[in-house]
Amino acid sequence: MKPFEYISAKTINEATEVLKVLQSEARIIAGGTDVLIELRRPNAKTPQTIIDITSIDELRGISESNGSIILKPLATHTEIQKSNIIKKYAGLLGEAASVIGAPQIRNRGTVGGNVMNAATCADTVPALVALGADVTLQSVAAARTMPIVDFFIKPYKTQANPDEILTEIKFQKLPRYAKSSFIKLGRRNALSISRLSVATILLYNDAGKIIEARIVPGAALPVWQRVTEAEQILIGEKPSTKLFEAAGKKVSEVMISFTGRRWSTEYKEPVIGALVRRALEKASNYNY
Ligand SMILES: Cc1cc2nc3c(=O)[nH]c(=O)nc-3n(C[C@H](O)[C@H](O)[C@H](O)COP(=O)(O)OP(=O)(O)OC[C@H]3O[C@@H](n4cnc5c(N)ncnc54)[C@H](O)[C@@H]3O)c2cc1C
């Protein structure tokens, strides 16, 4: 790693003022669990300045307001996992945070870093897309908010400009009766990044029929998005293994329509289908 200047910003304004001048020559660091690994690579481009944002209090916290949950980017995965607000109103996000890395990574790694890094395997992202979150970016000149589903251009590439900092992630609380789940498949059970993952949300009516469904696979499509073709299969139906299998099959078909058939399809095609079925079963506590 080559030498660089280190700045510990105390306010959002202080950080964005430096970004305004240095643009891509500066790099923000939060928990550092992605940045430091990247900078230690032999051919990594070392920025002129690293801006540490962990002392900016305005960027901390998880709160609720007027039916929404406001997640500040420095919320760590451990904080999200333990948050009662998240447990009550966004269970799938807590589940996603709880399976990231190991305790040490969850204690340091932040949701803001996970979103901004935009790795295919980022575990909080499918959950945030399913929740319909908005992200807010701030520069010296202005703040702008956009749906997270529009934020990602491709893996590791977002709509954020070099002079912008992520300041907020906001989404509507799920109704208390909503059922949700997040599951991931890695190469091993512990400390493993996602090969594939699935976030689901289901709303049932009093008759036990599904009235709303959201399914977002991770690491399966070019960018994260809901698979509405599969969601539609569930609407108006009662849960069953057959139904959930049909939704899973539709997700694999949609995946292949994007990616074409390649060397990994033989594996991914049945596996994403099975993961979707399992995620839907988990969300519904369905006894299969
Ligand atoms: C051993 C190990 C295991 C891991 N396992 C998983 C896993 O299972 N699942 C998973 O999803 N990830 C995993 N990760 C990746 C990483 O821990 C997460 O992506 C984490 O959330 C990154 O957060 P951070 O605060 O450490 O980000 P940093 O490394 O500090 O930053 C990541 C990127 O985001 C930018 N950034 C950070 N905050 C902001 C902000 N507010 N505004 C603008 N830009 C910002 C940085 O400039 C950088 O480009 C793992 C990492 C390691 C080292």
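Residues numbered from 1 in each chain as written. Predicted model: local features only at pLDDT ≥ 70, side-chain atom pairs only at ≥ 80, totals over all residues. Heavy atoms only, no water.

As for the site of the ligand
In the region of the ligand, 31 residues are neighbours, and I28, T33, D34, H77 and T110 sit closest. Between the ligand and G101 there is a distance of 2.9 Å, counted from an oxygen atom to a backbone nitrogen or oxygen. Compared with its free state, where it exposes 990 Å², the ligand has 90% of that area covered by protein. Listed by contribution, the elements that provide at least two residues to the shell around the ligand are β2 (26-29), α2 (35-39), α7 (111-117) and β10 (165-172). With four residues, α7 is the largest single contributor of residues to the shell around the ligand. (Near = heavy atom within 4 Å. Polar contact = N/O pair within 3.5 Å; in protein donor to acceptor, adjacent residues only side chain to side chain. Areas by Shrake-Rupley, 256 points an atom, 1.4 Å probe, with all protein chains shown as cover. Helix = DSSP H or I, 4+ residues; strand = E, 2+ residues; numbered from the N terminus.)

Structural notes on the sheet that holds strand β13 (residues 210-218)
The strand order β11-β12-β13 describes an open sheet built from three strands, whose pairing is antiparallel. Looking along the sheet, the strands with just one partner apiece sit at the ends: β11 (179-185) and β13. The average undirected angle you get between the axes of adjacent strands in this sheet is 10 degrees. Relative to strand β12 (residues 196-204), β11 is paired through seven bridges, and the arrangement is antiparallel. Looking across to β12, one finds that S180 is bridged to I201. Across the face of the sheet, helix α5 (residues 91-98) comes into contact with β11 and β12 while running at roughly 20 degrees to β11. (Pairing = 2+ DSSP bridges. Axes fitted to C-alpha atoms, helices over the stretch in contact; angles between N-to-C directions. Contact = heavy atoms within 4.5 Å.)

So, the pattern of salt bridges
Inspection of the entire model under this criterion finds 13 salt bridges. Notably, a salt bridge pairs R27 with E38, separated by 3.0 Å at the nearest N-O pair. One end of the pair, R27, is in strand β2; the other, E38, is in helix α2, and eleven residues separate them in sequence. With a relative accessible area of 26%, R27 lands in the partly exposed category. (Salt bridge = Lys/Arg side-chain N within 4 Å of Asp/Glu carboxyl O. Buried < 20%, exposed > 50% of the residue type's maximum accessible area, 1.4 Å probe, protein only.)

Remember that the coordinates give geometry; whether it matters functionally is a separate question.
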